[in-house]
Structure formats: structure tokens, C-alpha cells
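Take a look at the letters that make up each chain.
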Amino acid sequence: MNRAIVVGSGISGLRFSLFLAEHRSVLLLTKKEAVESNTNYAQGGVAVVLGEDDSLDLHIQDTMKTGGGIADPEAVRTVVTEGPARVKELIELGAQFEFDSNGKLVMGREGGHCRKRVVHCADKTGREIERILLNAVEKHPNITVMQYHFAVDLIMREGRVAGVLVLDPEGKLIRMSANLVCLSTGGLGRVFRYTTNPEIATGDGVAIGYRAGAVVRDMEFIQFHPTALARPGASSFLISEAVRGEGGYLTTISGERFMKKYDPEMLDLAPRDVVARAISIELKRTGDPHVLLNVSQLGSEFLRRRFPTIYSTCLLHGVEIDKEPIPVVPAAHYSCGGLKTDLFARTTVPGLYSIGETASHGLHGANRLASNSLLEALVFAYRGAQSAREEPDIKVFEDEVVGDINSKPPCGMTDLYSERLNLIMSQNVGVFRNIDVLQKTAFELTAIRNGIQRLVDAFSSRRELLELSNIALCAELIVRSALKRKESRGLHFLEGYPQVGLEFPGTNTELINKVPRPMIWK
Ligand code: SIN
């Protein structure tokens, strides 16, 4: 029986592999160490209806409302309804979420939620989930993990996926056969200069799937997290929204609480698009370099216990959060769009699945509700595996080495393109957008992408260059999608175009766009 190939070792890839491995063998490829995933950095937790004062309907309402009128109601209902069972499975696998002395899960609160419904493990929830899933994957006899193996492109035969072209750590290009492929490579935050995402978040899955012909959608909806640590050298370290959920609040440097101007009801726990916009407006108004997140009133003992990672990282950067406020600014955090899938994680390309941030399952619409993404990954990993086990058992070639990148000279120009691209994306495609600026950016991005493609053709296709090529393609998809949406909705705020309300439901625009799709390796 031919194997499945899963690309990515975050919650989506690991959970899908575990479900599917009950029925067929799985090869899991990851470009770095398996533990190095976006999941590993998730602080907040998993939003799920397991609290006594909560209901599925309330979680559905919050998700729909935050999604700016274009979240897919079926996807929302599916994730919210099936979520509790998937979270209980994690607990059975050994996840050490926080329980109170009566044996009840302790729920955190985050922006856009009308109830406390975020299960968590201090501020290391992602790390805990990654730990237990990796542990289970490593023990599973049907799963092989290959670290430092980079997926370059899909191999297609007669319109369906037949395998993956892989760059191994020695520089060999190998064609690996598969009867189905799941792209779960996480996000694309590295398109931007300022991002909470780790270095691996280079949009590989979206780019690989798009090049193979998959439809992408909603790429314009980049979520900027309102509170990244604003300290030189802190790499936009994430200060979890859970901090505001526990009573932290925002002020200007001069001490003004400003959220009441922007959302008098939800205040500091308004959805992320509202808070990030509010901060950006305040920064423009005051000319200040950052706003302040006030938390010291929560007490030293509580802060150290509930937010140990935030506490120690801030300390490392000279901020004693139990004594002084945290300087914060918004930073790119999450891509709500991606490869369009159905409710079984199937993309528009036969044999190609996608789960998690790489995918657009329809849950988020124009803005993701906080901590819904880990839940989404769990639900679609399960549903995807149900469908994947029925895929035909084809094998059209044997694995073989088809190239060696060491035969070409290394390329030293990657940084020039990368810095320029990151800069224009952060400057021009942020919280506020402008149609003329977007048009100029699209033009420059096409030139950058062509330049990168010439480097790929002429020089050694080292991983960094292939990643940059993926970043450039994602950037172009984001900007072209933004140009198509001539309104302001959710995370996409276009100057001069009116903000729509929830009363205009609209539909998700699909991007059957004209960005070329050349495979990287010819
Ligand atoms: C956070 O902890 O604020 C981030 C969680 C998320 O992105 O949902």
C-alpha cells in the first residue's frame, strides 16, 4: 500500500498523521527539527465549549460576529460542535491543561469571546500540545518522521497529486511518491518584517499548493496581533491576549485608557482587528512609538505562575512586568486565508489536503476569533483523515534522486530581496491599506518575484532561497487579494472604502487570479 506524505509537524500535521496512521503508513516531512513549529509558540490556548456557563450557540455567535459576516456557517458549526470531543482526546493523550482543585478545567478569556472558554497550560499551551502529539507520533509504528527535509513542490500525474519533490539535508532533490499529500506547514508571518511568527513561517504550504493549481482564498485577511513586545531585539515576541483576559489593559504612554473610544462594550477584549486598529490610530495621533499594556496590578505571584514565559522573556528584555507596564505594538500574527478546502480538508486539487493555518477551511472569514485555530486544526485533522483513508491506493513511480543542488554555486543575494520585500509588506500592507499604495506594491512584488525566480534558476536552490520564493508568492497573493476587495471588512481596512457591517453578509471571494504558478524546479 502506498504511503501518505504529510508536510509540517505542528498540531495539524501531527494530529492528521496520528489519525491516518491507523489506516495507512505516513511519511511526515519537516524542514527543521520536528518540534520547531508555529504551534510550539502558541501561548493562549484552545477555545472550546467545555465550561458550565457556556454553549455551542454562544461560541458559534462569537465566531460568526468576529468573522465580519463572511465566515462559513457550516464550517463554524462543524468546528465548534466537534471541538469538545477533539480536546477531550488531547487530555486522554496526556495534555496537562490547567484544572482547578475540583477537577474542572480552568478557562481563560480572550478578545471577542463572551465567555471564558480557552483551555490552557499556563502560557505554553502550544508547547504542551506539541509535546504530547510528538511523543505519540514517535511511538507510532506506521509513522516515519524525516527532519530537515524541505518540500519543494508537488508532483502531479493526470491532474492528481502523486508525490512530493523534496530537498534533503545533504542537498539531494528526491522525488517521493505518495497516494495523497497533506500540506500543514503553518503560517506565512515571515512575509512581514514585524511578526510574532518563528523563522519557519514562510508560507511554504500555500505556495506549494498554489503552484500545483489549488485555489486560495481570503489571503487579504492578515491578522495583526495587537500586543507584540516593542523592544529592540525582542523579535516581536507575542504578549498573549490572555493577559488582557486576566485584567491587563491598554493605555497610551501618557496613561490614557483608549479602548472605550473604539469598543465601549468589549473594551480591551474587543476582537483583534478592532484593538490593532485602535492602537494604530493612537500611535498616529500621539506620535508615540508604542502603547502600554498594564499588568502589574495582577500581582507578581500570579503573573509568574500564569504567564511564566511572558514574565521571563520580558525580563530578558529589561521589562519587569510585575513592576512596570509592557511596551507593545501590533505585529503580523496569523493568515486567515490559505488553500481553500471543503469540510474534509480537501483542497481543489485531487489527492491534496491542507489543514490549519495553511488552509482556509472557512472558519475565520474576515477575522479569526482568538484561540480558534488550534481547535480548527484538531477538528480538520480528524475529518481530513476520515476522508484520506478512502483515497485510491495509487503509486506511479518509485522514489528516486533527481538532482543535487551542490552542483550549482551558492547564491549570496537572498538577503537583499528578503529585506526589501519584508519592508514593503510591513510598510504598505499593514492594518490600514490604501489602493494606490497597494497597486505600487503589487508592481514591485512582481519584479522581486521575477528576480528571485532568476536566482533559483541560476544558482543553487538552497532552502533559504526556496523559502524566499514562497514568501514572495504569498506576498503577491496577499496584495492582489487586497486589491480585489474594494471595501473594509474585518482585518482588511481600505482607506476611502466604507466599512461594511454584519448586515451585509457577502460571500468569500475566491481568488482565481492571474498570479503565475510556475513550479520552482524545472
Ligand atoms: C494569544 O495568545 O494571544 C494568541 C493566541 C491566538 O493567536 O489565538
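Up top is the structure these notes are about.
How each quantity is defined
- Residues numbered from 1 in each chain as written.
- Predicted model: local features only at pLDDT ≥ 70, side-chain atom pairs only at ≥ 80, totals over all residues.
- Heavy atoms only, no water.
- Disulfide = S-S within 2.5 Å.
- Buried < 20%, exposed > 50% of the residue type's maximum accessible area, 1.4 Å probe, protein only.
- Near = heavy atom within 4 Å.
- Polar contact = N/O pair within 3.5 Å; in protein donor to acceptor, adjacent residues only side chain to side chain.
- Nonpolar A, V, L, I, M, F, W, Y, C, P; charged D, E, K, R; others polar.
- Pairing = 2+ DSSP bridges.
- Helix = DSSP H or I, 4+ residues; strand = E, 2+ residues; numbered from the N terminus.
- Axes fitted to C-alpha atoms, helices over the stretch in contact; angles between N-to-C directions.
- Contact = heavy atoms within 4.5 Å.
- Core = buried A, V, L, I, M, F, W, Y, C linked by side-chain atoms within 4.5 Å.
- Parallel < 35°, antiparallel > 145°, perpendicular 65-115°, else oblique.
- Left-handed = near helix turned anticlockwise from the far one by under 90°.
- Phe/Tyr/Trp six-rings, centres within 6.5 Å; stacked < 30°, edge-to-face > 60°.
- Lys NZ or Arg CZ within 6 Å of the ring centre and 35° of its normal.

Student: What am I meant to see in the state of the cysteines here?
Tutor: Each disulfide consists of one covalent bond between the sulfur atoms belonging to two cysteines. One pass over the structure, following the stated rule, counts zero disulfides. With no disulfide of its own, Cys182 lies 16 Å from the sulfur of Cys474, the closest cysteine sulfur. Just so you know, Cys336 is unpaired, no disulfide at all, and the nearest cysteine sulfur is the one on Cys474, 14 Å from it. Judged by relative accessible area, Cys336 falls into the buried class, the value being 2%.

Student: Mind showing me how you'd approach the site of the ligand here?
Tutor: Residues in contact with the ligand, as listed here, are Gly44, His225, Leu238, Ser240, Glu241, Arg272, His333, Arg368, Ala370 and Ser371. Measuring from an oxygen atom of the ligand, one finds a side-chain N or O atom of His225 at 2.8 Å. Within the contact set of the ligand, an oxygen atom lies 2.7 Å away from a backbone nitrogen or oxygen of Ser371. For the shell around the ligand, the class distribution of residues is two nonpolar, five polar and three charged.

Student: Which parts of the structure should I look at to understand the sheet that holds strand E1 (residues 4-7)?
Tutor: Sheet strands line up and pair through hydrogen bonds in the backbone, either parallel or antiparallel. Strand order in the open sheet formed by five strands is E6-E2-E1-E10-E17, and the pairing between neighbours is parallel. Every other strand in the sheet has two partners, leaving strand E6 (143-146) and strand E17 (352-354) as the edge strands with one partner each. The average undirected angle you get between the axes of adjacent strands in this sheet is 20°. Pairing of E1 with strand E2 (residues 26-29) involves four bridges; the strand directions are parallel. Each bridged residue has a counterpart across the sheet, and for Val7 the counterpart in E2 is Leu29. Sheet strands in contact with helix H1 (residues 11-20) are E1, E2, E6 and strand E10 (180-183), and its direction is about 170° off that of E2.

Student: How should the sheet that holds strand E15 (residues 326-335) be read in this particular structure?
Tutor: Read from one edge of the open sheet, four strands run E12-E15-E14-E13, paired in antiparallel fashion. The strands lining the two open edges of the sheet, one partner per strand, are strand E12 (222-229) and strand E13 (249-251). Going across the sheet, the axis of each strand differs from the next one's by a mean of 45°, ignoring polarity. Of the strand pairs in this sheet, strand E14 (residues 291-294) and E15 are connected by three bridges, and their pairing is antiparallel. For Val291, the partnering residue across the bridge sits in E15 and is Val328.

Student: Would you take a moment to explain the nonpolar core for this structure?
Tutor: As a rule of thumb, nonpolar side chains are buried together in soluble globular proteins. Membership of the largest hydrophobic core comes to 69 residues, with the highest contact counts inside it found for Ile5, Val181, Val191, Phe192, Met425 and Ile478. A total of 13 residues in this core trace back to one element, the largest contributor, which is helix H14 (residues 463-484). If we ignore the near neighbours within four places in the chain, the residues touching Phe192 are Ile222, Phe224, Ala332, Asn422, Met425, Ser426, Val429 and Ile478. Of all hydrophobic cores here, the second largest spans 50 residues; its members include Leu28, Val76, Ile143 and Ala385.

Student: What should I look at first to understand the packing of helix H12 (residues 414-428) against helix H13 (residues 435-458) in this one?
Tutor: The geometry of a pair of packed helices is captured by two quantities: the angle between their axes and the separation between those axes. Contact geometry of H12 with H13 gives a least axis separation of 11 Å together with a crossing angle of 160°. Taken together, the axes of H12 and H13 are roughly antiparallel relative to one another. The chirality of how H12 crosses H13 is left-handed. Counting all contacts with H12, which are made through Tyr417, Arg420, Leu421, Ile424, Met425 and Asn428, the residues of H13 involved are Val437, Leu438, Thr441, Glu444, Leu445, Ile448, Gly451, Ile452 and Leu455. Per-class residue counts for the contact of H12 with H13 are 10 nonpolar, three polar and two charged.

Student: Please explain H1 as it appears in this structure.
Tutor: Structurally, the α-helix is built with 3.6 residues per turn, so residues lying three or four positions apart point the same way. Counting buried residues along H1, 10 of its 10 residues qualify, which places the element largely inside the surrounding structure. Every buried residue of H1 is listed here: Ile11, Ser12, Gly13, Leu14, Arg15, Phe16, Ser17, Leu18, Phe19 and Leu20.

Student: What's the story with the pairing of E15 in this structure? I'm lost.
Tutor: Successive residues of a regular strand alternate their side chains across the two faces of the sheet. Along E15, 10 of the 10 residues are buried, which leaves the element largely enclosed by surrounding structure. Pairing of E12 with E15 involves six bridges; the strand directions are antiparallel. Paired with Leu229 across the two strands is Val328, which belongs to E15.

Student: Before we go on, may I ask you to explain the packing of aromatic side chains in this structure?
Tutor: Here the distance between the centres and the angle between the planes together describe a pair of aromatic rings. What the rule picks out here adds up to six aromatic pairs. Look at Phe258 and Tyr262: their rings are 6.4 Å apart centre to centre, the planes differ by 80°, and that puts the pair in the edge-to-face class. Summarising the aromatic geometry, the rings of Phe432 and Phe493 are spaced 5.3 Å apart at their centres and angled 80° between planes, so their arrangement reads as edge-to-face. Here Phe493 lies in strand E21 (residues 493-494) and Phe432 lies in strand E20 (residues 432-433), a separation of 61 residues in the sequence. Note that Arg15 overlies the ring of Phe19, its terminal NZ or CZ placed 4.0 Å from the centroid. Stacked on the ring of Tyr382, the Lys or Arg Arg86 has its end atom at 3.7 Å from the ring centre.

Student: What am I meant to see in the pairing of strand E9 (residues 172-177) here?
Tutor: Across the six residues that make up E9, a large majority, five, are buried. The pairing of strand E8 (residues 160-167) with E9 spans five bridges and is classified as antiparallel. Bridging across to E9, Leu167 finds its partner in Leu173. The turn linking E8 back onto E9 is made up of four residues, and Gly171 within it adopts a positive phi angle of 95°. Across four bridges, E9 lies against strand E19 (residues 400-404) in antiparallel orientation. The residue bridging Arg175 from the neighbouring strand is Glu400, located in E19.

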